[in-house]
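Single-letter residue listing:
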Amino acid sequence: MTSASASRNGRPDYPEMGDRLRQARRARNLSLRVLADRLGVSPSLISQIETGRANPSVSTLYAIAAELDVSLDELLFNDRRPPEPSSPVRTGASPSGTMTPAAPVQRAGSRHAIRLASGVNWERLTTQSEPGIEFLHVTYEVGGASSPPDAFQRHPGHEWGYVLSGRLQVRIGFEEYVLEPGDAISINSSIPHRLATIGDEPVEAIWFVLGRAQFDAQTLIDEHRTGPA
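Notes on the structure in this doc start here. (Residues numbered from 1 in each chain as written. Predicted model: local features only at pLDDT ≥ 70, side-chain atom pairs only at ≥ 80, totals over all residues. Heavy atoms only, no water.)

1. Focus on the overall build of the protein
Item 1. In terms of regular secondary structure, the protein is built from 6 helices and 9 strands.
Item 2. Burial statistics for the protein: of 229 residues in total, 45% are counted as buried.
Item 3. At a minimum sequence separation of 6, the contacts of the protein that also span at least 24 residues come to 68%. (Helix = DSSP H or I, 4+ residues; strand = E, 2+ residues; numbered from the N terminus. Buried < 20%, exposed > 50% of the residue type's maximum accessible area, 1.4 Å probe, protein only. Contact = heavy atoms within 4.5 Å.)

Structure below.
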């Protein structure tokens, strides 16, 4: 992976992410055990993430961010979105007022990046955090998946994906699709879904998610305990 935030072996700086997680947890006066109980995981997993010895899965990462009421970018990259100015006029804003002033070009060599558990790599394609929006270059390593084989994930919002290389299995409810290079998909994210690599070639894709900000951590916990619907 190419990222200024990654280490020489391509992995991002997990101790920094762990430090931010610990700070957010302590700011809310939560013990490791209490947070772990709320997420349905072990205290040792939370401890290992905080100390940089383990990286979370996609689902666990979203559950942590939701439970601590922090943005994903703040937790991963210490990228807190600046507060909105009091004046309705913003320099560089679009006519619709949906964008804040920021550098318009995200260079390939300076993307924020993170490697999650289960062989999933994210690279953010925006120069700063945008509320309710995720624009990502995603890599699923060989054997990589968005969640364990016996668990789907679901969350608010809608997502669109475009496969650049490799073969991606997408399960949406009881339906299954196989995406190949050039294929695209649109998913209602509230329907249980799972994404996984097929074969011996990694999958690279562009993913856009709209409206996942209000993530329901309890939904995740219930799904992990009961498996897919």
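Now that the structure has been shown, we can carry on.
2. Quick notes on the pattern of salt bridges
A side chain of one charge can pair with a side chain of the opposite charge when the charged atoms of the two come close.
Item 1. The final tally for this structure, using the stated rule, is 7 salt bridges.
Item 2. One salt bridge in this structure joins Asp-19 and Arg-22, with 2.9 Å as the shortest N-O distance. Of this pair, Asp-19 and Arg-22 both sit in helix α1 (residues 14–27), separated by 3 residues, roughly a single helical turn.
Item 3. Taking the relative accessible area as the measure of exposure, Arg-22 reaches 17% and is therefore buried.
Item 4. Note that Arg-111 is salt-bridged to Glu-123, the shortest N-O span being 3.4 Å. With Arg-111 in the loop between α5 (72–77) and β1 (113–116) and Glu-123 in strand β2 (residues 120–124), this pair connects stretches of sequence that are 12 residues apart. (Salt bridge = Lys/Arg side-chain N within 4 Å of Asp/Glu carboxyl O.)

3. Notes on the packing of aromatic side chains
Item 1. For the coordinates displayed, the defined rule picks out 2 aromatic pairs.
Item 2. With a centroid separation of 6.2 Å and an interplanar angle of 70 degrees, the aromatic rings of Phe-135 and Phe-208 are classed as edge-to-face. In this pair, Phe-135 sits in strand β3 (residues 133–140) while Phe-208 sits in strand β9 (residues 203–210), placing the two residues 73 residues apart along the sequence.
Item 3. In this structure Phe-135 comes out as partly exposed when scored by relative accessible area, which is 33%.
Item 4. Phe-208 sits in the partly exposed class, given a relative accessible area of 30%. (Phe/Tyr/Trp six-rings, centres within 6.5 Å; stacked < 30°, edge-to-face > 60°.)

4. Topic: a nonpolar patch on the surface
Item 1. A surface patch of nonpolar side chains, about 320 Å² in accessible area, is lined by Ile-133, Phe-135, Trp-160 and Leu-210.
Item 2. Residue placement: Ile-133 occurs in strand β3. (Patch = residues over 30% accessible without salt bridge, like charges linked within 9 Å, V, L, I, M, F, W, Y side chains within 5 Å. Areas by Shrake-Rupley, 256 points an atom, 1.4 Å probe, with all protein chains shown as cover.)

5. Observations concerning unusual backbone geometry
What is expected of a backbone is that most residues other than glycine have negative phi and most peptide bonds are trans.
Item 1. Positive phi outside glycine occurs at Asn-29, with the angle close to 55 degrees.
Item 2. Locating Asn-29 in the fold gives a position in the loop between α1 and α2 (32–39).

6. Observations concerning the sheet that holds strand β5 (residues 167–172)
Item 1. As summarised here, the arrangement of the 3 strands in space is β6-β5-β8, forming an open sheet in which the pairing is antiparallel. Strands at the two margins of the open sheet, each flanked by one partner only, are β6 (175–179) and β8 (193–198). Taking the axes of each pair of neighbouring strands and ignoring which way they run, one obtains an average angle of 20 degrees across the sheet.
Item 2. In the sheet, β5 pairs with β8 via 6 bridges, with the strands oriented antiparallel. Bridge pairing in β8 places Ile-172 opposite His-193. (Pairing = 2+ DSSP bridges. Axes fitted to C-alpha atoms, helices over the stretch in contact; angles between N-to-C directions.)

7. Some remarks on α2
Item 1. Among all positions of α2, only Leu-35, Ala-36 and Leu-39 are buried. Along α2, the residues classed as buried sweep out an arc of 100 degrees about the axis, all on the same side. Residues of α2 that are exposed and point over 90 degrees away from its buried face: Arg-33 and Asp-37.
Item 2. Looking one or two residues past α2, Gly-40 carries a phi angle of roughly 75 degrees, positive in sign. (Arc of directions from axis to C-beta.)

8. What about the nonpolar core?
Item 1. One finds Ile-64, Leu-68, Trp-122, Leu-168, Val-170 and Trp-207 to be the most contacted residues of the largest nonpolar core, which totals 39 residues.
Item 2. The element that contributes the greatest number of residues to this core is helix α4 (residues 58–68), accounting for 7 residues. (Core = buried A, V, L, I, M, F, W, Y, C linked by side-chain atoms within 4.5 Å.)

9. Let's talk about the sheet that holds strand β7 (residues 184–188)
Item 1. Overall, antiparallel pairing links the 6 strands, which are arranged β1-β2-β3-β9-β4-β7 in an open sheet. Taken across any chain shown, the strands that pair with only one partner, and hence form the sheet edges, are β1 and β7. Taken pair by pair, the neighbouring strands of this sheet meet at an average axis angle of 25 degrees, ignoring direction.
Item 2. Two strands pair when backbone bridges link them, and β2 and β3 are joined in this way by 5 bridges, in the antiparallel orientation. For Asn-121, the partnering residue across the bridge sits in β3 and is Thr-139.
Item 3. Sheet contacts for α4: β1, β2 and β3; angle to β2, the most-contacted strand, approximately 50 degrees.

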